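Summary of the model geometry
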Amino acid sequence: MFDPHTPFDPPAEYLRRYDPDTLPDPLFRESDFASQALLKGVDFQTSVRRPEEFQARQVKAASYAMITLIDDAVGRMIETLERSGQRERTIVVFTSDHGECLGDHGLLLKGCRFYEGLVRVPLIFSWPGHVVRGLVSDALVELTDIMPTLLDICGLPAPERVQGRSLLPILTGKADAHTFRDAVRSEYYHVLNPINQTGQRQFEGSYATMLRDRRYKLGVYHGHETGELFDLQNDPGEFDNLWHDPAAADVRFAMMKKSFDALALAVDIGPKQVTWY
């Protein structure tokens, strides 16, 4: 499903359900202007502005309305499975590829950043009689975990060198729902087309990688002298960038080492070697 997505144009009957004045404000401080200036040249679909300048509350209301529209559509699919007798033998997985800033940090859409509103997406499994109903987990997981999970459900082994891990023990209540990975990764590789329709260059074609553990999040913007390091425990809004803070130098080095190791281990090294001695 394409929505929720710009141009944020839900049906009127859905938009009427959300009053922009009652919605929470975007995560924004005046310091975001300086923070985004440090990332000048790193691709993003909009430039930094005060949220009210692009009517962030109204955009958020439209986005919420589109999400509700999708929820209703998924509901109709579930109802059809139930009516046709297929619900008990159908695994439903609901997730997304990314979020939207919707005014957070003075940004509207998306691009080469790793704020929680962009990278923390839903991941819901439903399979009556097999998956624990109503279980909520805050474990760190990746979208790469979906494929090995589905193979595990089907009783099939995952191929060699798969990055993901099966979530089935959590889904069936056989493992701690809040412990899975020590850290998760996200990659952004040349996503926005640098050349616009008139042939002019509008983006650099940014490359960036992120590593997030329970406390810290590191964003490395390759080819740039700056990056982002946030202490999510003390700064959940991701306002205080510790990248250049001498007191956080050891944390930054440790996170960069972990990120570098994870990046190397994610590389496809080709087919399995067969050697005779």
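Structure: above.
A quick note: this is a predicted structure, and the numbers were derived from the prediction, not measured.

**Re the overall build of the chain**
Broken down by element type, the chain carries seven helices and six strands. In sequence order, the chain lays out its α and β elements as α-α-α-β-α-β-α-α-β-β-β-β-α. Taken over the C-alpha atoms alone, the chain extends approximately 70 × 55 × 45 Å along its principal axes. Expressed as a percentage of the 277 residues in the chain, the buried residues total 40%. Counted over contacts in the chain with a minimum sequence separation of 6, partners at least 24 positions apart contribute 63%. On the chain, roughly 16600 Å² of surface is accessible, and the fraction owed to carbon and sulfur atoms is 55%.

**Comments concerning the pattern of salt bridges**
Taken as a whole, this structure holds 15 salt bridges when the rule is applied. The shortest N-O distance in the salt bridge between glutamate 116 and arginine 212 comes to 3.3 Å. Taken together, the positions of glutamate 116 in helix α4 (residues 116–119) and arginine 212 in strand β4 (residues 207–213) put the pair 96 residues apart, joining distant regions of the chain. What makes arginine 212 buried here is its relative accessible area of 13%.

**Section: the environment of glycine 103**
Take glycine 103: it is sitting in the loop between β1 (92–95) and α4. Since its relative accessible area comes to 0%, glycine 103 is described here as buried. In this view, glycine 103 contacts Pro26, Leu27, Phe28, Pro51, Phe54, Ala56 and Leu108; residues no more than four positions away in its chain are not counted.

**With respect to the packing of aromatic side chains**
Geometrically, a pair of aromatic rings is defined through the distance of the ring centres and the angle of the planes. Counted by the stated rule, this structure contains five aromatic pairs. Ring geometry for tyrosine 18 and tyrosine 64: centres 5.9 Å apart, planes at 75°, overall edge-to-face. Placement of the pair is tyrosine 18 in the loop between α1 (12–15) and α2 (31–38) and tyrosine 64 in helix α3 (residues 56–83), with a sequence separation of 46 residues. Residue classification places tyrosine 18 among the partly exposed residues on the basis of a relative accessible area of 25%. The exposure class of tyrosine 64 is partly exposed, given its relative accessible area of 27%.

**Notes on the state of the cysteines**
Overall, the coordinates contain zero disulfides when judged by the stated rule. Here cysteine 101 stays unpaired: no disulfide links it, and the sulfur of cysteine 112, its closest cysteine neighbor, is 12 Å away.

**What to know about the environment of alanine 139**
Position of alanine 139 among the secondary structure elements: in the loop between β2 (123–126) and α5 (146–153). The class for alanine 139 is buried, based on a relative accessible area of 13%. Sequence separation of alanine 139 and phenylalanine 94 is 45 residues, and the distance between their C-alpha atoms is 17 Å. Excluding residues within four positions of it along the chain, alanine 139 makes contact with Ala177, His178, Thr179, Phe180 and Arg214.

**Quick word on the environment of aspartate 176**
Here aspartate 176 lies in the loop between α6 (168–171) and β3 (183–189). It is 8.9 Å that separates the C-alpha atoms of aspartate 176 and serine 137, two residues lying 39 residues apart in sequence. Polar side-chain contacts of aspartate 176 include one of 3.1 Å to the backbone nitrogen of histidine 178. A distance of 2.9 Å separates the side chain of aspartate 176 from the side chain of threonine 179, its partner in a polar contact.

**As for the sheet that holds strand β6 (residues 227–231)**
Strands sit in the order β3-β4-β5-β6 across an open sheet of four strands; the sheet is antiparallel. In this open sheet, the two edge strands, each paired with only one partner strand, are β3 and β6. The sheet shows a mean angle of 10° between the axes of neighbouring strands, taken without regard to direction. Sheet topology note: the strand β5 (residues 216–221)/β6 ladder contains five bridges and is antiparallel. The residue of β6 that forms the bridge with tyrosine 216 is aspartate 231. Along the sheet, helix α7 (residues 249–265) contacts β3, β4, β5 and β6; its crossing angle with β5, the most-contacted strand, is approximately 65°.

Conventions adopted
- Residues numbered from 1 in each chain as written.
- Predicted model: local features only at pLDDT ≥ 70, side-chain atom pairs only at ≥ 80, totals over all residues.
- Heavy atoms only, no water.
- Helix = DSSP H or I, 4+ residues; strand = E, 2+ residues; numbered from the N terminus.
- Buried < 20%, exposed > 50% of the residue type's maximum accessible area, 1.4 Å probe, protein only.
- Contact = heavy atoms within 4.5 Å.
- Areas by Shrake-Rupley, 256 points an atom, 1.4 Å probe, with all protein chains shown as cover.
- Salt bridge = Lys/Arg side-chain N within 4 Å of Asp/Glu carboxyl O.
- Phe/Tyr/Trp six-rings, centres within 6.5 Å; stacked < 30°, edge-to-face > 60°.
- Disulfide = S-S within 2.5 Å.
- Polar contact = N/O pair within 3.5 Å; in protein donor to acceptor, adjacent residues only side chain to side chain.
- Pairing = 2+ DSSP bridges.
- Axes fitted to C-alpha atoms, helices over the stretch in contact; angles between N-to-C directions.

Note that all results are geometric; they support no functional claim without further evidence.
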